[in-house]
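In case you want the letters, here they are:
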Amino acid sequence: MTSKQLSPEIEARIEALRPRFPVEHADKAMCIPVLTMAQEQFGHVDEEVCTLVATALNLPPAHVLGVATFYTMYNNKPVGRFHLQICTNIGRQILGAYDVWAQCKRRLGVGNHGTTEDDNITLSEVECIAACGYGPVAQIAERLKPDIPLYFENLDAERMTKILDALEEGRVPTELGS
Amino acid sequence: MGYFDVKIISEHFDVPEAKSLDYYESKGGYRMARQATKTAPAEIHAEVKKSNLRGRGGAGFPTGIKWGFVPKDSETVYLVVNADESEPGTFKDRHILFWNPHALIEGMIVAARSLGVRSAYIYIRGEMLREAPIVQDAIDQAYAKGYLGERCFGSDMHLDITLYRGAGAYICGEETALLSSLEGGRGWPRLKPPFPAVKGLWGKPTIVNNVETIANLPWILEHGGQAFADLGVGRSGGLRVVSVGGHINKPGVYELPLTVTGNQLIEEVCGGMRGGRKVKAVIPGGVSMPVLTPGELDVPFEFDALQTDERIAEVEVSPGVAFDLGGGKTLRTMAGSGGVIVMDEQTDMVSAAWRIVHFFAEESCGQCTPCREGTGWLAAVVKRIDQKQGRPGDVDLVASIADGIAGNTICALGDAAAWPTLAFLTKYRGEFEAKIKSSNYKPRATRENKAS
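Since the model is a prediction, treat every value here as computed from it, not as a measurement.

### Points about the nonpolar core
If you look at the biggest cluster of nonpolar residues, it comprises 97 residues, and the most contacted ones within it are Leu35 and Tyr71 of chain A together with Met343 of chain B. The element that contributes the greatest number of residues to this core is helix α17 (residues 413–437) of chain B, accounting for 12 residues. Among all residues touching Tyr71 of chain A, those that are not within four sequence positions of it are Ile32 of chain A together with Tyr123, Ala167, Gly168, Ala169, Cys172, Ser181, Gly185, Arg186 and Gly187 of chain B. Counting 68 residues, the second-largest nonpolar core is a separate cluster that includes Phe13, Ile124, Ala215 and Val241 of chain B.

As structure tokens, this is what we get:
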């Protein structure tokens, strides 16, 4: 039996969003927004969470799971408090992103999508995040705080060290972000 | 220099309060949206056609012609703004959304009036966590002022705008994949025809336009389509917002005349190369677009010039055999998404090629076999060449895989992976061959060569 429940806030947000779509298509159209809300609440979207979303929207659970596994921003397993995402795409590759990436892996002792033992930091290699002028670039998401969407640009070993220091202290180094 | 004299969208970039409605209005904003609500839809459409505005997302299709594909007397027409900017190298729409969201909303009101749209959507990239709240605030402000809603500017025009956040998928920048996603499914592209203008969102006629395309509309209405056409060259009207990254001194987003060449862009706009090094390669419009060599940079970065100028070499399948784009057309390059990546002489072109095909392998949606299997295969072979594990014949193998993908898929992602691969091989073949020559690859012993 499932013990998780979508929060009343999400139930309210679903009803507020519904009129933005044609009546007969609204349930399906809300699949992605509601999965996003569910991830804000639970930190990840696994089969159990997909079932909750499917029930809330009267959709087949298989459809919701298919959608959740298609998009890269849905974490299929729990992530750390901080999700550190490093772009290694070409714009950053040619400016040394793989050095920064290797530094993070070494320091945190994890591989791609790995989480530190204290559940503090999850490290992911991501594709282009549309900040190609100022690479290497990281984006840091903090669980339950969707309003920390900062970019950390022009990374080198020194800046990366400062960022990792701050995350290990339990804070996003907003002073280094933009 | 003069490149910065005229600006349409970027004039107030970097002004901290630029994103507020009050600031936007104090600079003359929303006058054209107000006027549009009182203007005949056909009149707006005529100005857009006259303007030679071409789609800024990648394909460069004339916007006025696209709008003309909507069947007359359609009861429901949707407008969807493609803000799913994810083509590596491209970050111009992110700047427009961040600094000038009201230009987008005003442009949407103009477009909606002309197209008879009552419900419009902005599909914004999920990763644009910083921009989504800014755009939502701008929408809310416009509603609060009565510029959106049941009676836009007190007229009988009804327009709702809904911000829809993606969740991480490059393919959703492809317009039919975007519609599949907006409907709540996986971002799977659909076969065209039918084109979205005829059968799009929920089966209704739908116009999908890029952020920059729409943000140009208020200026076109204010100054007239002819003035916009006059700003441009040939069949391409207006200016172009380009984003430039890589080994240059001043990376960033610039709104420039379409006459600016690659060399001018690097030297005069972007302050030259870092450390005074030489240019080795330039990707003119996102990684899907064939790369240019230093000798090809005197061509203006404009839609038609990049496709047809003979100073740009044709992309080949093998030395001396031009790649067939279909219908006997050959491929040089294209202006694409306006994302320019400049690489200096120290860049390893094999590594760069690997990173590009690796990206497409990651992002293939999986529907079409040539793309799903081909991009992964490309990435594997280019990677082994890069890591000095290349085998004799690998260069031809890469070319044949790429050629097997191109043109054989539902959407353009297949081409987007194949074209740059073939261009890298055409123009930097020697680097691939050199890596294979110095490869450490040892064929596994077979019965025959053991015996000998």
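### Thoughts on the domain arrangement of chain A
Splitting chain A by domain gives domain 1 (8–70) and domain 2 (82–176). Spacing between the C-alpha centres of domain 1 of chain A and domain 2 of chain A amounts to 29 Å.

### What about the sheet that holds strand β5 (residues 239–246) of chain B?
Residues and elements named next belong to chain B. Across the sheet, which stays open at both edges, the 4 strands sit in the order β6-β5-β10-β7 with mixed pairing between neighbours. On the outer flanks of this sheet lie β6 (252–257) and β7 (279–283), each paired with one strand and no other. In this sheet, neighbouring strand axes are inclined to one another by 30° on average, regardless of whether the strands run parallel or antiparallel. The sheet contact formed by β7 and strand β10 (residues 339–344) spans 4 bridges and is antiparallel. Bridging from a neighbouring strand, Ile283 pairs with Ile341 of β10.

### Looking at the pairing of strand β4 (residues 206–210) of chain B
All names here are of chain B. Most of β4 is tucked away: 5 of the 5 residues are buried. Where strand β1 (residues 78–83) lies against β4, 5 bridges are found, and the strand directions are parallel. By the bridge assignment, Val80 is partnered in β4 with Val208.

### A short note on the interface of chain B and chain A
Taken together, the contact pairs 64 residues of chain B with 40 residues of chain A. Buried area between chain B and chain A, summed over both chains or domains, comes out near 3900 Å², and the portion from carbon and sulfur atoms is 59%. Joining chain B to chain A, the criterion identifies 1 salt bridge. Applying the counting criterion to the chain B and chain A interface returns 19 residue pairs in polar contact (both at pLDDT 80 or more). Of the residues forming the side of chain B that touches chain A, the biggest block, 9 residues, is contributed by helix α14 (residues 349–363) of chain B. Split into classes, the residues belonging to the side of chain B that touches chain A amount to 30 nonpolar, 19 polar and 15 charged.

### So, the side chain of Thr293 of chain B
Residue placement: Thr293 of chain B occurs in the loop between β7 and α13 (303–308). The class for Thr293 of chain B is buried, based on a relative accessible area of 18%.

### With respect to the sheet that holds strand β2 (residues 119–124) of chain B
All names here are of chain B. Spatially, β3-β2-β1-β4 is the arrangement adopted by the 4 strands of the open sheet, whose pairing is parallel. Edge positions in the open sheet fall to β3 (160–165) and β4, since each of these has one partner strand only. Recorded for the sheet is a direction-independent mean angle of 20° between the axes of neighbouring strands. Sheet topology note: the β2/β3 ladder contains 6 bridges and is parallel. Within β3, the position partnered with Ala120 by the bridge is Ile161. Against the sheet, helix α6 (residues 101–115) engages β1, β2, β3 and β4, with an angle of about 150° to β1.

Conventions we followed
Residues numbered from 1 in each chain as written. Chains lettered and ligands numbered in written order. Predicted model: local features only at pLDDT ≥ 70, side-chain atom pairs only at ≥ 80, totals over all residues. Heavy atoms only, no water. Core = buried A, V, L, I, M, F, W, Y, C linked by side-chain atoms within 4.5 Å. Buried < 20%, exposed > 50% of the residue type's maximum accessible area, 1.4 Å probe, protein only. Helix = DSSP H or I, 4+ residues; strand = E, 2+ residues; numbered from the N terminus. Contact = heavy atoms within 4.5 Å. Domains from an automatic or database assignment. Pairing = 2+ DSSP bridges. Axes fitted to C-alpha atoms, helices over the stretch in contact; angles between N-to-C directions. Buried area = accessible area lost by both parts, 1.4 Å probe. Salt bridge = Lys/Arg side-chain N within 4 Å of Asp/Glu carboxyl O. Polar contact = N/O pair within 3.5 Å; in protein donor to acceptor, adjacent residues only side chain to side chain. Nonpolar A, V, L, I, M, F, W, Y, C, P; charged D, E, K, R; others polar.

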